[in-house]
Amino acid sequence: MKSEDLQKMAYLYLCGEKDRELLWGKREMKYYDFRRLLFLINHIKFWDYGASFWNRFSGKFLKNIKALETVYDEESERGVFYQDIEFSLLEEDNWIEDFIRNAPEDVQEWLKVYVRNLDPEREELVDMLKCGMELENA
């Protein structure tokens, strides 16, 4: 069995029912779902499955991808960067938390530790952003 297939099987076991339905084509995948799933698959370092996922689904979202690239290119030419890094990190952190929460109950604690240890520097930055937001709201 290829690494890609093993990673796909593991991901399908770990993800929630909604994501399985998206991946099996039982539910329509939106661009938001595509971005979220691609991020999660790659974040847990399932590189081979990530490439397969991209090859299978990216064609459906080429207009979205090209439009976003155009915005990035136009903004960077003027020295302005469109993407809000803080927002992206917090959005991705929400995706990670949902992924863990929707995993089978018997692996949630293990998955939480595994995912949080993948990129400790990123986790520190997200924690600082959350702390800063709490201070602003206090």
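Above this text is the structure in question.
Keep in mind that what you see is a predicted model, and the values were worked out from it rather than measured.

(A) Region of the structure containing the nonpolar core. With 29 residues, the main nonpolar core has Tyr 11, Leu 23, Met 29, Phe 34, Phe 53 and Phe 99 as its most contacted residues. Listing elements by their share of this core, those giving two or more residues are α1 (3-14), α2 (17-24), α3 (31-43), α4 (47-57), α6 (85-101) and α7 (108-116). Per element, the largest residue contribution to this core is 6 residues, and it comes from α3. With residues up to four places along the chain from it excluded, the contact list for Phe 34 reads Met 29, Phe 53, Trp 54, Phe 57, Ser 58, Phe 61 and Ile 65.

(B) Main features of unusual backbone geometry. The phi angle at Lys 45 is positive, at roughly 70°, despite the residue not being glycine. Judged by its relative accessible area of 39%, Lys 45 falls in the partly exposed class.

(C) Local environment of the packing of aromatic side chains. Applying the stated criterion across every chain yields a total of 11 aromatic pairs. Judged by centre distance (5.4 Å) and plane angle (10°), the ring pair of Tyr 11 and Phe 99 falls under stacked. Linking Tyr 11 in helix α1 with Phe 99 in helix α6, this pair joins segments that are 88 residues apart in sequence. Overall, the relative accessible area of 4% leaves Phe 99 in the buried class. Linked through ring pairs, Tyr 31, Phe 34, Phe 53, Trp 54, Phe 57 and Phe 61 together constitute an aromatic cluster.

(D) Local environment of α4. Taken as a whole, α4 has its buried residues at Tyr 49, Gly 50, Phe 53 and Phe 57. What you see down the axis of α4 is that its buried residues fit within an arc of 105°, all on one side. Contacts from the buried residues of α4 go to α1, α2 and α3.

What counts and how
- Residues numbered from 1 in each chain as written.
- Predicted model: local features only at pLDDT ≥ 70, side-chain atom pairs only at ≥ 80, totals over all residues.
- Heavy atoms only, no water.
- Core = buried A, V, L, I, M, F, W, Y, C linked by side-chain atoms within 4.5 Å.
- Buried < 20%, exposed > 50% of the residue type's maximum accessible area, 1.4 Å probe, protein only.
- Helix = DSSP H or I, 4+ residues; strand = E, 2+ residues; numbered from the N terminus.
- Contact = heavy atoms within 4.5 Å.
- Phe/Tyr/Trp six-rings, centres within 6.5 Å; stacked < 30°, edge-to-face > 60°.
- Arc of directions from axis to C-beta.

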